[in-house]
Amino acid sequence: MSAQNQEIAFDITWISNVQVNQPAVLRRAEQIQTRRTVKKDWQAAWLLKAVTFIDLTTLSGDDTSSNVRRLCYKAKYPIREDLLKALNMQDKGITTAAVCVYPARVSDAVKALKDAGCDIPVASVATGFPAGQTHLKTRLDEIRLAVEDGAKEIDVVINRSLVLAGQWKALYDEICEFRKACGDAHLKTILATGELGSLTNIYRASMVAMMAGSDFIKTSTGKETVNATFPVAIVMVRAIRDFYWKTGKKIGFKPAGGIRTAKDSLAWLSLIKEELGDDWLKPELFRIGASTLLSDIERQIYHHVTGRYAAYHDLPMA
Amino acid sequence: MAAAAATVTGPSAGASGVRSIFSTMDYGPAPESPSLVLAWLDKQGSTLGHFVNGKWLKPEGQEPVTCRDPCSGELLASCLQADDGFVALAVDVAGRALEAWSPLPGAARAQHLLRLAETLRRHQKLLWTLEAMASGRVVREVRDGDLPLAQQLLQYHASWAQTQEQALSGWEPVGVVAVVLPPAFSFIEMMWRICPALAVGCTVVVFGGPASLSALLVAQLSEEAGLPPGVLNVVMGTAPPETLLPGLPGVAKVAFSGPVQEGKALRRALAGSGADLSLSLGTESLLVVTDTADLDSAVEGVVDAAWSDRSPGGLRLLVQLSAYEEMLWKLETRLRRVRQGRSLDWAVDMGTRGPAAWERAQSYVQEAQSQGAQIFQDGSTPPQSPFFPPTLVLGLAPASPCAQAEVPWPLVTVFPFRTAKEALAMSNGTPRGGSASVWSERLTLGLDLAYKLLMGTVWINAHGLKDAAAPVGGCKENGSAWHGGPDGLYEYLHPVGIPPRPQGPPQLLDYDKFGLSAPPVLPSGTSPASATAPYGVFVAGRFQNPSSRSSRPVLGSGGRICAHVAEGGAKDIREAVEAAHKAAAAWASRVPGSRASALWALADAVSQRSQELAEQLVEVTGSDLADTRTEVVLSIARLRAWGAQVHAQGAGLHSAGPHGPFLRLREALGVLAIVCPEGAAPARLCVSHRPGLGLGQRHRRGAQRGLPAAGSPALPGHGRPAPPRAGERGDGRPRSSHPLPGPSSGRPCPVVLRLCSGTPVPARTPALFSVPLVEATAGPGSPKALPAPH
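Residues numbered from 1 in each chain as written. Chains lettered and ligands numbered in written order. Predicted model: local features only at pLDDT ≥ 70, side-chain atom pairs only at ≥ 80, totals over all residues. Heavy atoms only, no water.

Trainee: I keep staring at the overall build of chain A and nothing clicks. Help me out?
Mentor: Scanning chain A from N- to C-terminus turns up 13 helices and eight strands. Seen through its C-alpha atoms, chain A measures out along the principal axes to roughly 55 × 45 × 35 Å. By residue count, 61% of the 318 residues in chain A fall in the buried class. Taking contacts inside chain A between residues at least 6 apart in sequence as the whole, the part at least 24 apart equals 78%. (Helix = DSSP H or I, 4+ residues; strand = E, 2+ residues; numbered from the N terminus. Buried < 20%, exposed > 50% of the residue type's maximum accessible area, 1.4 Å probe, protein only. Contact = heavy atoms within 4.5 Å.)

Right under this line is the structure:
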């Protein structure tokens, strides 16, 4: 993990003049999804790369230590060993980027990963996930407790009411508090873009979150009605690019929610490569929040290696 | 299955490849197979012929020319080059097919178009692969851009054909249409033209070059779709159209698309041939980025306009100074991400358009550099590559010679501007009038710029969006042809009952001598019969002394002098044009009602003196008094009728497709010049020039703004006066669904008479009027397609 981002002073001019043209962004989103086909070996390599970006996630009311433990082992062994060998990739240490759980399951995940003998970080959602409609004090406590339990990354949700009311400075202050509460843990800020009202608001919220010291900005909780979409992603990565241009700091991006197929993941990788460049194609700067994506990727890898599609029982469950 | 997988040997021969790709994360090749095209070419034999009269023709004795894939240089096929005789044959075939095709009910033609659409869909893969290989444009643009648009065009025009009898009553097809294709975009440019032409009942001869193999395929597929033989013919050749087309009496209209110079040459060559000409010239476009724009989206607009295979040509990019630095940074970043490569690769953005286009780009770059410009390219293109990389040209001043030239594809020449006003001055101060886009998130600013740009087509916060229902066209040196929408349809129609246009060389004035010396006129001793007019030329609302200070006699029908008029000269013309320019803006900006009142007042004035006017006409022309009276009465009626139509028709907001609405505007053309032919009688002069005033202004505008008619020297500072030419008619767009009354042909046109003097226009004096025209009578003007920002 790279060094943490630190907050910088709030500068309203970075967001006040910005306008995002929605139809133009929609057109670009349409284009970018289809323009970079990768085939054959390139497809296999890209899919394996996508595996290393996955924050393997379970965020359900019925999560228990048993299924969290299963998930952690899948994170450690995301692709069947023989398939990796066939691709001569068995020694590349391919694991998912992190495991992402609710705060109450952090200690289970930390223990399971320790048992599995790997140092995959555990990410915890926090701050009243997914709605963020709790008191600031309890939201901050949530972060501290998760960090105490061993979470290395905290996925916080922002207070949408501040965005919709245009209280950007207040939003900045809140995220700065989150930043402090995280201590050494990485801060990933979920913008819940489906609830921000406009692409312009999404750009502004992205910029404020980065100014306030977020290490990642993340599209959504996966619990909104609209989750990670390409237009939203384009606006967020453009904000990341502008922030880099202004400060020299590279901030990470994490789309989450609704990314289920291997084909989707390839489109997301090409989006990052096109809009941000190869520098961002590493787990320190790009994550995909997903729960079922991994099994589809594994199926595609299976097909690439064997020329046949796997039956559901051919691949180990998470 | 699990056992099989446990001992995988797999097809993955490139396992080490996966390893290295995993670390580099490069893109790989994603090729489309050329096999279908190769099989099709194979079936045609070693040489592709022409497709005429529903079959392949390979006449003996025509020089073959090779057609190569511009990306790889591989030989695709040899094409024959049509000679004069063969072109005449093809036109003749189309002429004979017209006899059966144009009387068909519109509904039957609609079915033909729909069947053609279905046939194109059946063979779409062959079509997109062939077009990509022959043109060098990437296959993705052809498949995702051109083919759906072609389908839409066929559907749209089929709808028009279906309702033709009701929707287009009073109009008939012009006849045989010759379509000259540009080398790039030949497939879709062909569809833009043949769809409306075929729909309204014209037959077509398409002239294609070696890069237009897809035109031959479309013709072949049209035969398969059951289109009658001879309705759509494709003739191959490399000879310039101006050498082939004139002298072909069967061609009613030539639709040309190509470089500006060739368009000018064709206009000269076609003058007097009787054929209509519509030109869409030039490829450069303009993009204006204000500091209130979404800059990232504007950068994508630049990509659409210049750095992709959607873009026809280069781009002039104006960026507001306060956003200049950021915009440049974003452009340079974006430029590095454009992928170039073989047109058959699905993951490539740009192909190449052949060695000639490469040379044009390279020489522009070299010239710009020598004039102090900085060039920015990615730098990863190897030397000797057939691909010209996307390029930024910075720091070129508008006054440097290179900045006047048309920017070639795929170059972007960037100019900073300080204020919106300055941006308008910079963009309107060039001869270009094609397409532009304006980028601002402020609705008022965006609309204001779009209104004031002298461009045929303006997009707001988008670039290059096309829709079958939204007309797209140009003005100034880009020519005045319109495509799409009803405007595109009327290109191939004329009002019912137009007599055949006179042919033969146009009546040309000797402009080298015109107005420079007055012929000697000595007192004749006889007193003119009617000497009511004051002496002088009528300029800026009053009679002035002519620069020549001499007179010329006006001879009556019996050879008797019936009046002396002031002899005008070049200086008088210049002053008249100046006066007209001064008056033009104020006249055009008057409320329509006020212009209508002025025209009606004029009609009243004529009406009061109609008896006197008719008598004078009889005296000068010797024609029958009753006929002359009728002529005068009809002229007055028409003046009134046009006064009633000052409210621009057809303008307004329209919705089209998923891209949002567009706004279609009609603009006054500005100052018109009319040169009266020798010996024409006044009222008939007005009649013969009605198209010039009513329908033909767009051509005239082209003439005035940089497409000079042959042989007419420029008036300093005012463009050129263009005589109405036999080869040049109005674009025939309807002003009204009911043609207005007229003495002979019934064409819906206005009449302008010079009445204030009380004397009709002298019969033997070339007179030049400068008439700032009423908006509604100024022809259809320029529709502007502007998808609204939201």
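Trainee: Is there a simple way to think about the pairing of strand β17 (residues 435-439) of chain B in this case?
Mentor: Look at any regular strand and the pattern is simple: side chains alternate between the two faces of the sheet. Residues and elements named next belong to chain B. Burial within β17 is extensive, with five of its five residues counted as buried. The alternating pattern of β17 places S435, S437 and W439 on one face and A436 and V438 on the opposite face, and all of these are buried. Sheet analysis places strand β12 (residues 285-289) next to β17, joined by five bridges and oriented parallel. Across the sheet, the residue bridging to V288 is V438, located in β17. Relative to strand β18 (residues 457-460), β17 runs parallel, the two sharing four bridges. For V438, the partnering residue across the bridge sits in β18 and is I460. (Pairing = 2+ DSSP bridges.)

Trainee: Would you mind going over the pairing of β18(B) with me for this structure?
Mentor: Here β18(B) shows no split at all, with B:T457 and B:W459 on one side and B:V458 and B:I460 on the other all buried. Running through helix α18 (residues 443-452) of chain B, the crossover from β17(B) to the neighbouring parallel element β18(B) is right-handed. (Right-handed = clockwise from strand over helix to strand, strands pointing away.)

Trainee: It is not clear to me how the sheet that holds strand β8 (residues 288-290) of chain A should be interpreted in this structure. Could you clarify?
Mentor: To summarise the sheet geometry, strands pair through backbone hydrogen bonds and adopt either a parallel or an antiparallel arrangement. Residues and elements named next belong to chain A. Judged by pairing direction, the sheet is parallel, and its eight strands sit side by side in the order β7-β6-β5-β4-β3-β2-β1-β8 without closing on themselves. Single-partner strands in this sheet number two, and they are β7 (252-254) and β8. Pairwise comparison of adjacent strand axes, ignoring direction, gives a mean angle of 25° for this sheet. By the bridge criterion, three bridges tie strand β1 (residues 54-57) to β8 in an arrangement that is parallel. Looking at the pairing, I54 lines up with I288 of β8. Across the sheet, helix α7 (residues 136-148) is in contact with β3 (122-126) and β4 (153-157); its angle to β4 comes to roughly 160°. (Axes fitted to C-alpha atoms, helices over the stretch in contact; angles between N-to-C directions.)

Trainee: Explain the side chain of B:K476 to me, please; I cannot follow it from the model alone.
Mentor: All names here are of chain B. Mapped onto the fold, K476 is located in the loop between β19 (472-473) and β20 (482-483). E477 provides the closest opposite charge to the buried, salt-bridge-free K476, at an N-O distance of 9.3 Å. At 3.2 Å, the side chain of K476 and the backbone oxygen of N428 are in polar contact. (Lys, Arg positive; Asp, Glu negative; His and termini not counted. Salt bridge = Lys/Arg side-chain N within 4 Å of Asp/Glu carboxyl O. Polar contact = N/O pair within 3.5 Å; in protein donor to acceptor, adjacent residues only side chain to side chain.)

Trainee: Looking at this structure, how should I read the domain arrangement of chain B?
Mentor: Reports of interface size often rely on the accessible area that becomes lost once the parts have come together. The assigned domain composition of chain B is domain 1 (35-281), domain 2 (285-335 + 342-477), domain 3 (531-583) and domain 4 (590-651 + 666-694). One C-alpha centre belongs to domain 1 of chain B, the other to domain 4 of chain B; they are set 41 Å apart. (Domains from an automatic or database assignment.)

Trainee: Which parts of the structure should I look at to understand the confidence of the model for chain B?
Mentor: Close inspection of predicted coordinates is inappropriate in any region flagged by low pLDDT. Residue and element names in this part refer to chain B. Averaged over every residue, the pLDDT of chain B is 80; residues scoring 70 or more account for 80%. For chain B, per-element mean pLDDT is lowest for helix α26 (residues 697-704), which scores 26, and highest for strand β13 (residues 315-320), which scores 98. Of the regions scoring below 50 in pLDDT, residues 1-13 engages in 25 contacts with residues more than four places distant in sequence or in other chains. Segment residues 680-790 is flagged for pLDDT under 50; beyond a separation of four residues in sequence, or across chains, it makes 360 contacts in the model. Both confidence scores are given for the complex: pTM 0.86, ipTM 0.93. (pLDDT = per-residue confidence, 0-100.)

Trainee: What should I look at first to understand the pattern of salt bridges in this one?
Mentor: Working definition: two side chains of opposite charge can pair if their charged atoms are close together. Going through the model one piece at a time under the given rule, you end up with 58 salt bridges over all chains. Among the salt bridges present, the one from A:D173 reaches A:K169, with a minimum N-O distance of 3.0 Å. In this pair, A:D173 and A:K169 both sit in helix α9 (residues 168-182), four residues apart, roughly one turn of the helix. Judged by its relative accessible area of 33%, A:D173 falls in the partly exposed class. For B:E477, the salt bridge is made with B:R432, and the minimal N-O distance between the two is 3.0 Å. With a gap of 45 residues between them, B:E477 in the loop between β19 and β20 and B:R432 in the loop between α17 (420-428) and β17 connect regions that are remote in the sequence. Both residues of the pair, B:E477 and B:R432, belong to the buried class.

Trainee: I keep staring at the interface of chain A and chain B and nothing clicks. Help me out?
Mentor: Each partner contributes to the interface: chain A provides 54 residues, whereas chain B provides 47 residues. Counting the contacts that link chain A with chain B gives seven salt bridges. Across the pair A:D242 and B:K330 runs a salt bridge whose closest N-O atoms are separated by 2.6 Å. Summed over the shared surface of chain A and chain B, the result is 20 residue pairs in polar contact (both at pLDDT 80 or more). Of all the secondary-structure elements, those providing two or more residues to the side of chain A that touches chain B are α2 (22-34), α3 (40-53), α5 (81-86), α11 (230-247), α12 (262-275) and α13 (293-306) of chain A.

Trainee: Quick question: what am I supposed to make of the sheet that holds strand β1 (residues 47-48) of chain B here?
Mentor: Residues and elements named next belong to chain B. The strand order across the open sheet formed by three strands is β1-β5-β4, and the pairing between neighbours is mixed. On the outer flanks of this sheet lie β1 and β4 (64-68), each paired with one strand and no other. Two strands pair when backbone bridges link them, and β1 and strand β5 (residues 75-80) are joined in this way by two bridges, in the parallel orientation. Across the sheet, the residue bridging to T47 is S78, located in β5.

Trainee: What exactly am I supposed to notice about empty space enclosed by the protein here?
Mentor: One way to see where empty space is left: roll a probe the size of a water molecule over the atoms. Under the criterion given, the structure shown has 19 cavities of 30 Å³ or more. Looking at the largest cavity, its volume works out to about 110 Å³. Lining the largest cavity we find 13 residues, and of these A:R28, A:R35, A:R36, B:R334 and B:D349 sit closest to its centre. No other element matches the three residues that α2(A) contributes to the lining of the largest cavity. Across the lining of the largest cavity, the residue classes tally to three nonpolar, two polar and eight charged. (1 Å grid on protein atoms, 1.4 Å probe; cavity = no way out; pocket = protein on both sides within 12 Å on 5 of 7 lines; lining within 4 Å. Points joined across faces, edges and corners; volume = space filled by probe spheres on them. Nonpolar A, V, L, I, M, F, W, Y, C, P; charged D, E, K, R; others polar.)

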